[in-house]
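Each chain, letter by letter, is given below.
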Amino acid sequence: MSSKDSAQQHEDRLNSGSSASGIASWLVHRAKPFTPPWIVTGAVGLTGAGAHELWGGSPWAGVGLTLASVGLTAATWWAGQSTGQQRRLHSAITVAAGASWFTSAALSGPLTGPLPDLYLMGGATLALTWNIRQMMRFSGAETSGSDSDKGLLEKVGLARTKLRDVKVEPNRVTVPYELPAGELTNDDVAKAIPRIASALDVPTTAIRVSHDPDSARKGQFVIVPEDMLKTPTVWPGPFAPGETIAVPLRLGVYDDGSDLLLPLLDAIHLLVMGMTGSGKTEGALDILMDLLTRCDVAVWLADAAKSGQDFQPLLPALDWAALDTPSAGAMVAAVQAAIPARTEWLRNHGYRAWEPAAAQTQTNPAHSCAATGACGCPGLQYLLAWFEEAAKLLRELGDDVFTGIAQEARSAGVSLVVSMQRASGYQLSTDTRASLPAAMCFGVKGDDAGFALPEEVLDAGANPAAWGNKRKGYVYLVSAGVDEDLYANPARTFWTGPSGEYERAAAWIVREFAAVRPELDAVTAAAAERVAGTLFTGRRERAAGTPLPAASAPAAAPVELIEEQESAQEVAALVDQEDAELDATAELPAADGSVALPEGKPSTEEARELLDEMVRMLASVGGGTVSVRDLGPYLAQIGRDRSWVSKEMKKLAEAGRLAPTGEAGTYRLIATLAGV
Ligand SMILES: Nc1ncnc2c1ncn2[C@@H]1O[C@H](COP(=O)(O)OP(=O)(O)OP(=O)(O)O)[C@@H](O)[C@H]1O
């Protein structure tokens, strides 16, 4: 029985049936738990006297009672084998003494010879010995834990720490601690975690610490000796099909078997980080598969780095999949343009921030843009924009593009997800990092965890570096709306299954929930179209790999090249907020090819102009770096080879048009050139 149980039992005994009035009743109340040995002593005296009336002077009764005493003592000794040696001996002596007195009293009479004195002195002594045991047990219960763990705590540098009320559950031990006042702090506990893990021979991730927010020296250890996440959990199907996005998304399990839930509306924007092979994509699939069964969210996905190869089966269910850099850039611009449009719509309809009711047809007069009564406007869907392998995009567009968006998107019902291997200061500015309040951190290398997880979560025992990419899908989730005690709790995302299973599940989602998923609302679509032009309106064909209609491409140039050029022009025009009102498509080559590319090889002057224009275009997209490699798709258009372009870029750098970086051949784009 745990010390907690016995203390509770003791307290229950104290409280049961006491009137608690006056000193006498207080004494009775306090003495009550110690009365049972005295009651037994009294009962032995009375029954001894009664037995004498029955069997006094009978030789047969003498034999029977003597045998019964010996048998009872032996039975007590035998029954006590599972208890401590001390208790076993104490019980057997008590039974032997009581039974002997009873036999003597029954045969000779309780008042014969020394029997009355033996009864009074022996009975009282035995009853008292039991009372003393009882008292020692209660006062010892509180400190027994700290005594037995003293050696361990000393070894790990936490000497004189008191452990209290240890709670043992299947595969989880919770140990509240209290550090010695003025000597140790909760920070020392965080540092001791690896040593405790070593002493207990469990992985460091098996030990977590949660600090008492009201104390610098109290908290609790949670030890989970066996890794229950070793066996992957196969994706069990959607969590809340047909429901609103306000219901959390389920993407895996914690190590106690409970659901790993992401409350997207509380999280707002999410950073997904983990080294290659740690399970980011699988986690993304879990989130997307759940999202695509909800009734009020539209999903945009940008994956220029891998051209959406991991997401192919889900692409038909996405509103927009931007699978090349120009489209991804246009998506950023579209999100930028959509935010003010959405905020305005929400304001006009009396919403301070997006809520599920905003996605419905507006039939409530309290949310109406009409002068009187309900306006009946179609609703505004929640928008999730997912930027996969965002490091490349950030390099191309300049890191700061996300900062503004993330800050403004909060109330507009837009969530950004930025996925990358390493959210280092080089990849992601502190401002942008700060705009992504929630984080999912998979296994990482070295000290990288600090880029994704707050210090207090690392102090509490979160250690994704221990996983690297060996523990696939293991993750820590830190987000508003998630119990803070779970931040340092390892979880594992669902596994979409062996080959073929994911494709089957994705196809099922695409098919079964087509009617549940909403069409993108007109407000967001209009803003996106205004700035992204055909990159947005032709998004379905583009994602499906279907070439744009022949009419939009000049006959002289390869379709791919034309697409790159028009995309680049659009992005250049679009990302600048000041140009948000312009119709980007108006600048595209006319259908008849009247704005044709230079015929044949351009002259040196023309080639320089073209290169200049491209650099200016890239700079206008928002900074970042450029190298000859990035201009690869345009070499044919410039009509020169890499070495020529490389020399020209060097000249541009000398002229101050590009800024050199630490890497030879790579230059930082100077954003102010946009307007030159
Ligand atoms: N929760 C999981 N359970 C079981 N296997 C998983 C889990 N998550 C990921 N995996 C497996 O681990 C491997 C790598 O996962 P994934 O491709 O998601 O990693 P990644 O971080 O996206 O890597 P990269 O950055 O290289 O794309 C895959 O074979 C995947 O099936």
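Residues numbered from 1 in each chain as written. Predicted model: local features only at pLDDT ≥ 70, side-chain atom pairs only at ≥ 80, totals over all residues.

As annotated in an unreviewed UniProt entry, the chain carries the name Sporulation protein SsgA and comes from Streptomyces griseofuscus.

**A closer look at the overall build of the chain**
Summing up its helical and strand segments, the chain has 23 helices and 18 strands in all. Per-residue burial for the chain yields a buried fraction of 39% across its 676 residues. Excluding contacts between residues fewer than 6 apart, the proportion of contacts in the chain whose partners are at least 24 apart in sequence is 67%. (Helix = DSSP H or I, 4+ residues; strand = E, 2+ residues; numbered from the N terminus. Buried ≥ 20, exposed ≤ 12 C-beta atoms within 10 Å, placed from the backbone. Contact = placed C-beta atoms within 7 Å.)

**Things to note about the packing of helix H11 (residues 325-348) against helix H18 (residues 522-537)**
Contact geometry of H11 with H18 gives a least axis separation of 7 Å together with a crossing angle of 160°. On the basis of the axis angle, H11 is roughly antiparallel to H18. The handedness of the crossing between H11 and H18 comes out as right-handed. The segment H11 lies against H18, with Pro326, Ser327, Ala330, Ala333, Ala334, Ala337, Ala338, Ala341, Arg342 and Trp345 engaging Val523, Thr524, Ala527, Ala528, Arg530, Val531, Ala532, Leu535 and Phe536. (Axes fitted to C-alpha atoms, helices over the stretch in contact; angles between N-to-C directions. Parallel < 35°, antiparallel > 145°, perpendicular 65-115°, else oblique. Left-handed = near helix turned anticlockwise from the far one by under 90°.)

**Some details on the site of the ligand**
What surrounds the ligand is a group of 14 residues, the closest being Gly279, Thr281, Glu282, Gly473 and Trp495. Listing elements by their share of the shell around the ligand, those giving two or more residues are helix H10 (280-291) and strand E15 (491-493). Broken down by element, the shell around the ligand gets its largest block of residues, three residues, from H10. Residue composition of the shell around the ligand, grouped by class: two nonpolar, eight polar and four charged. (Near = placed C-beta within 6 Å. Nonpolar A, V, L, I, M, F, W, Y, C, P; charged D, E, K, R; others polar.)

**Comments concerning the UniProt feature "binding site: ATP" (unreviewed entry) in the chain**
Annotation from UniProt places "binding site: ATP" (unreviewed entry) at Gly274, Met275, Thr276, Gly277, Ser278, Gly279, Lys280 and Thr281. Residue position: Gly277 is located in the loop between strand E8 (270-273) and H10. Residue Gly277 is classed as partly exposed on the basis of its 14 C-beta neighbours within 10 Å. Excluding residues within four positions of it along the chain, Gly279 makes contact with Gly274, Phe442, Lys472, Gly473 and Thr493. (UniProt positions renumbered as here; feature names shortened; annotations may be inferred.)

**Describing the nonpolar core**
Counting residues in each nonpolar core, the largest one holds 130 residues, and the members touching the most others are Val299, Met331, Ala334 and Cys441. Considering each element in turn, this core owes the most residues, 13 residues, to H11. Here this core spans two domains, and each of domain 2 (150-223) and domain 3 (249-512) adds at least three residues to it. Not counting the four nearest positions on each side in its chain, Ala334 is found in contact with Ala527, Ala528, Val531, Ala532 and Phe536. Among the nonpolar cores identified, the runner-up in size contains 13 residues, and Met614, Val645, Leu658 and Leu669 belong to it. (Core = buried A, V, L, I, M, F, W, Y, C linked by C-beta atoms within 7 Å. Domains from an automatic or database assignment.)

**So, unusual backbone geometry**
The residue Ile268 is not glycine, and still its phi comes out positive at about 65°. Assignment of secondary structure puts Ile268 in the loop between helix H9 (264-267) and E8. Look at Ile268 and you get buried, because 21 C-beta atoms sit within 10 Å. Non-glycine residue Glu389 carries a positive phi angle of around 45°. For Glu389, the location among the structural elements is in the loop between strand E11 (382-387) and helix H12 (390-397). Looking at Glu389, the number of C-beta atoms within 10 Å reads 19, which means it is partly exposed.

**Side note on the pairing of strand E13 (residues 438-441)**
Side chains of E13 alternate between two faces, with Ala438 and Met440 and Ala439 and Cys441 buried alike. One ladder, built from four bridges, connects E8 with E13; its direction is parallel. Looking across to E13, one finds that Val272 is bridged to Met440. By the bridge criterion, three bridges tie E13 to strand E14 (residues 474-478) in an arrangement that is antiparallel. Residue pairing across strands places Cys441 opposite Tyr476, the latter belonging to E14. (Pairing = 2+ DSSP bridges.)

**Brief notes about the packing of helix H3 (residues 36-55) against helix H5 (residues 85-108)**
For the pair H3 and H5, the least separation of the axes is 7 Å and the interaxial angle reads 35°. In this structure, H3 meets H5 at a crossing whose hand is right-handed. Taking contact as the criterion, the partners of Val44, Thr47, Gly48, Ala49, Ala51, His52 and Trp55 in H3 are, on H5, Gly98, Trp101, Phe102, Ala105, Ala106 and Leu107.

**Looking at the environment of Asp256**
As for its placement among the helices and strands, Asp256 is situated in the loop between strand E6 (249-254) and strand E7 (259-262). What makes Asp256 partly exposed here is the crowd of 15 C-beta atoms within 10 Å. As a C-alpha pair, Asp256 and Asp227 span 29 residues in sequence and 9.5 Å in three-dimensional space.

**Some points on H3**
End to end, H3 covers 28 Å across 20 residues, agreeing with the expected 28 Å (1.5 Å per residue, within 8%). Within H3, burial applies to Thr41, Gly48 and His52. Taken around the axis of H3, the buried residues stretch over an arc of 30°, which confines them to a single face. Turned more than 90 degrees off the buried face of H3, the exposed positions are Ile39, Ala43, Leu46, Glu53 and Leu54. (Expected span 1.5 Å × (residues − 1). Arc of directions from axis to C-beta.)

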